[in-house]
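Spelled out from the first residue to the last, the chains are:
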Amino acid sequence: MTSTSTSVQPSQTAVAAGTMATTPAAGVAAQPEFVPPAPSRTPRLLRRLQAAAAIALLLLGGLGTWVISELRTDLASAPEVSAQYARLGEVQNRLLEANALAAVGVIEGDGGMTDRAEAAGARLNQAAGLLVAAATARPQDTEAVAAISGHLVGYGQLLRAADGRDAKTAKALLDRADTQLDKQLLPALAALQTGLSEEAAARSWTESEFFVPLLAVLTVGFLGWISWVVAHRTRRVLNLGLVGAVVAALAILWVTVAAQQAAAAASTDSRNTQFARVVDLTDAANQLGTAQRIHAHAVLVRSWTQGDASAVDAAVKAAGGTDLPSGDRILADFKSAQNKLAALMAKGDWSGAAGLVLADGEEGLAGTAKSFDDAVSRARTEAVVAAAGRPDEMRDTLMWQLAAAVLAALFGAALAVAGMEQRLQEYR
């Protein structure tokens, strides 16, 4: 019984051996597993910086292109301000001439019809044609011009109705025409001219040398930072592509600022210098037309007051405030004829006064006034042409500067992309 039980039970040595056989060795369990390195983020960063550099150049070029394009648009509209003011000034002159001619016609006709009414009608037709041209040239003025044209029709009817009437009836009609001229026509024209003066004094935002230089500085700084990051990541100090991009940014800045300065000078010549000359000449012609109008009405009603004399003196003095060639000589002749007229009216010689008002010779009031008006028209036309001269020349130059800004932006963006691409290739 004893031997049987001993053979059934396993020995302690066998149990220990089995246990050791199933336990892994300590050396195998301690060996570390292989972990692959994390992928580098540098290529992705370089790609992003590459796109950012190109976008920065294109944004700067886009702003420069926009500025230069707007400068061309502004210069295209600059001459029209002077031209429109001149047209409206011509309308004023024609209205005043028609008024004086209608009054002179009544004096000359003495109850009968004369050719003066036809001459007054011709002046009104000229005024109507100028208004059509004004509305065509500037559609934004169409509504105001249409209202003036409507008043012009009624004004012309009153002037024509005075022709061939007796002095009392004609005077009543001319007074109504005067009211329409002073209350409707001239104020409406003056309102349009005031708007033109404000437009001429205004300056486009594109002339401000702030936006493009600011963006150019930011772009150059941004490209410099990109260059530093690339040098730090790739151990390459100089990147010719990025250097070229910086040069392109500076070129865009130089081209745009040069365009702004040149365009501002051309705009100032047109909107300030020549426009001011157009305004002065228009005022001078209107002042002398006012003096003629006062003379004609004084002879018509046979009344010459101290107020009339003061008004005429002020008008003639104001007419002499321009640098009109031969203007001083013409005004001297006008003043001489005016003094003769004043002396005749002071003596009550209304027949002699009427003869002097009707005289068309060089020494008469009408003749000298016409000479002055012709001189003003010539000088005003010259000023309008000069107002368009420099802007037209500058617009051609701006086309080349516009092209240069576009090319510099595209070339700079391409250089930035190429420079960064080189570093990407080297990094790989």
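Structural data are supplied above this passage.
Procedures and definitions
- Residues numbered from 1 in each chain as written.
- Predicted model: local features only at pLDDT ≥ 70, side-chain atom pairs only at ≥ 80, totals over all residues.
- Heavy atoms only, no water.
- Helix = DSSP H or I, 4+ residues; strand = E, 2+ residues; numbered from the N terminus.
- Buried < 20%, exposed > 50% of the residue type's maximum accessible area, 1.4 Å probe, protein only.
- Contact = heavy atoms within 4.5 Å.
- Areas by Shrake-Rupley, 256 points an atom, 1.4 Å probe, with all protein chains shown as cover.
- 1 Å grid on protein atoms, 1.4 Å probe; cavity = no way out; pocket = protein on both sides within 12 Å on 5 of 7 lines; lining within 4 Å.
- Points joined across faces, edges and corners; volume = space filled by probe spheres on them.
- Nonpolar A, V, L, I, M, F, W, Y, C, P; charged D, E, K, R; others polar.
- Phe/Tyr/Trp six-rings, centres within 6.5 Å; stacked < 30°, edge-to-face > 60°.
- Bend = angle between axes of the 7 residues up to and from the residue.
- Polar contact = N/O pair within 3.5 Å; in protein donor to acceptor, adjacent residues only side chain to side chain.
- Axes fitted to C-alpha atoms, helices over the stretch in contact; angles between N-to-C directions.
- Parallel < 35°, antiparallel > 145°, perpendicular 65-115°, else oblique.
- Expected span 1.5 Å × (residues − 1).
- Salt bridge = Lys/Arg side-chain N within 4 Å of Asp/Glu carboxyl O.

If you tally the helices and strands in the protein, you get 13 helices and zero strands. Counting helices and strands in the order they occur from the N terminus, the protein gives α-α-α-α-α-α-α-α-α-α-α-α-α. Taken over 428 residues, the protein has a buried fraction of 44%. In the protein, the share of contacts with a sequence separation of at least 24, taken over all contacts with a separation of at least 6, comes to 84%. For the protein, the accessible surface area stands at approximately 21,800 Å², while carbon and sulfur atoms represent 60% of it.

Our next topic: the layout of surface pockets. In this structure, the largest pocket occupies an estimated 540 Å³ of space. Classifying every residue of the lining of the largest pocket gives 11 nonpolar, seven polar and eight charged. Reported here for the second largest pocket is a volume of approximately 260 Å³. Lining the second largest pocket are 12 residues, and of these Val106, Ile107, Asp110, Val299 and Arg302 sit closest to its centre. Elements represented by at least two residues in the lining of the second largest pocket include exactly α4 (42–109), α9 (240–301) and α12 (350–358). Its residues placed into classes, the lining of the second largest pocket shows seven nonpolar, two polar and three charged.

This part is about the packing of aromatic side chains. Ring pairs (aromatic) are described by centroid distance and by the angle formed between their planes. Overall, the coordinates contain five aromatic pairs when judged by the stated rule. Each ring, one from tryptophan 205 and one from phenylalanine 211, has its centre 6.0 Å from the other, and the planes form 80°; the classification is edge-to-face. Since its relative accessible area comes to 34%, tryptophan 205 is described here as partly exposed. With a relative accessible area of 40%, phenylalanine 211 lands in the partly exposed category. Pairwise contacts between aromatic rings join Trp66, Trp205, Phe210 and Phe211 into one cluster.

Note on helix geometry: an α-helix contains 3.6 residues per turn, so any two residues three or four positions apart are oriented the same way. The sharpest bend along helix α7 (residues 167–201) reaches about 40° and sits at leucine 181. A distance of 3.2 Å separates the backbone nitrogen of lysine 168 from a side-chain oxygen at the start of α7, and that oxygen is part of aspartate 166.

Put simply, α4 and α9 touch, their axes get as near as 9 Å, and they point 5° apart. Of the possible angle classes, the one that applies to α4 and α9 is roughly parallel. Residue classes in the contact of α4 with α9 are distributed as 34 nonpolar, 19 polar and four charged.

Moving on, we get to the environment of threonine 282. For threonine 282, the location among the structural elements is in helix α9. Residue classification places threonine 282 among the buried positions, given a relative accessible area of 1%. Between the alpha carbons of threonine 282 and alanine 86 there is a distance of 7.0 Å; along the sequence they are 196 residues apart. Polar contacts involving the side chain of threonine 282 include one to the main-chain carbonyl oxygen of valine 278, which spans 2.8 Å.

All right, on to α4 then. Taking 1.5 Å of rise per residue, the 68 residues of α4 would be expected to cover 100 Å, and the 100 Å separating its terminal C-alpha atoms lies within 8% of that figure. Burial within α4 is extensive, with 48 of its 68 residues counted as buried. Phi turns positive one or two residues past the end of α4, at aspartate 110, with a value near 50°.

Looking now at empty space enclosed by the protein. The gaps left among the atoms become clear once a water-sized probe is rolled over them. Throughout the structure, instances matching the rule amount to one cavity of 30 Å³ or more. Size it by volume and the largest cavity reaches roughly 30 Å³. Every residue lining the largest cavity is listed: Ala117, Ala120, Gly121, Leu124, Leu159 and Arg160. Among the elements that make up the lining of the largest cavity, the one with the highest residue count is helix α5 (residues 116–137) (four residues). For the lining of the largest cavity, the residue count by class is four nonpolar, one polar and one charged.

Turning next to the environment of glutamate 393. With respect to the helices and strands, glutamate 393 occurs in helix α13 (residues 365–427). The exposed category is assigned to glutamate 393, whose relative accessible area is 57%. Separated by 130 residues in the primary sequence, glutamate 393 and alanine 263 have C-alpha atoms spaced 10.0 Å apart.

Positionally, histidine 297 belongs in helix α9. Beyond its immediate sequence surroundings of up to four residues, histidine 297 is in contact with Asn99, Ala103, Leu174 and Asp178.

This part covers the packing of helix α8 (residues 211–234) against α9. Think of two packed helices as two axes; the pair is described by the angle between the axes and how far apart they sit. The interhelical angle for the contact between α8 and α9, taken along N-to-C directions, is 175°, at an axis separation of 10 Å. On the basis of the axis angle, α8 is roughly antiparallel to α9. The segment α8 lies against α9, with Val212, Pro213, Ala216, Thr219, Val220, Leu223, Ile226 and Ser227 engaging Leu242, Ala245, Val246, Ala249, Leu250, Leu253, Thr256 and Val257. Classifying every residue of the contact of α8 with α9 by side-chain character gives 13 nonpolar, three polar and no charged.

So, about the pattern of salt bridges. Under the definition given, this model contains 18 salt bridges. With a shortest N-O distance of 2.9 Å, glutamate 90 and arginine 380 are connected by a salt bridge. A residue pair is termed long-range when its members are at least 10 positions apart, and glutamate 90 in helix α4 and arginine 380 in helix α13 qualify at 290 residues. Each member of the pair, glutamate 90 as well as arginine 380, is classed as buried. Residue lysine 370 pairs with aspartate 374 through a salt bridge whose shortest N-O separation is 3.0 Å. Note that lysine 370 and aspartate 374 are positioned in helix α13 at a spacing of four residues, about one turn of the helix.

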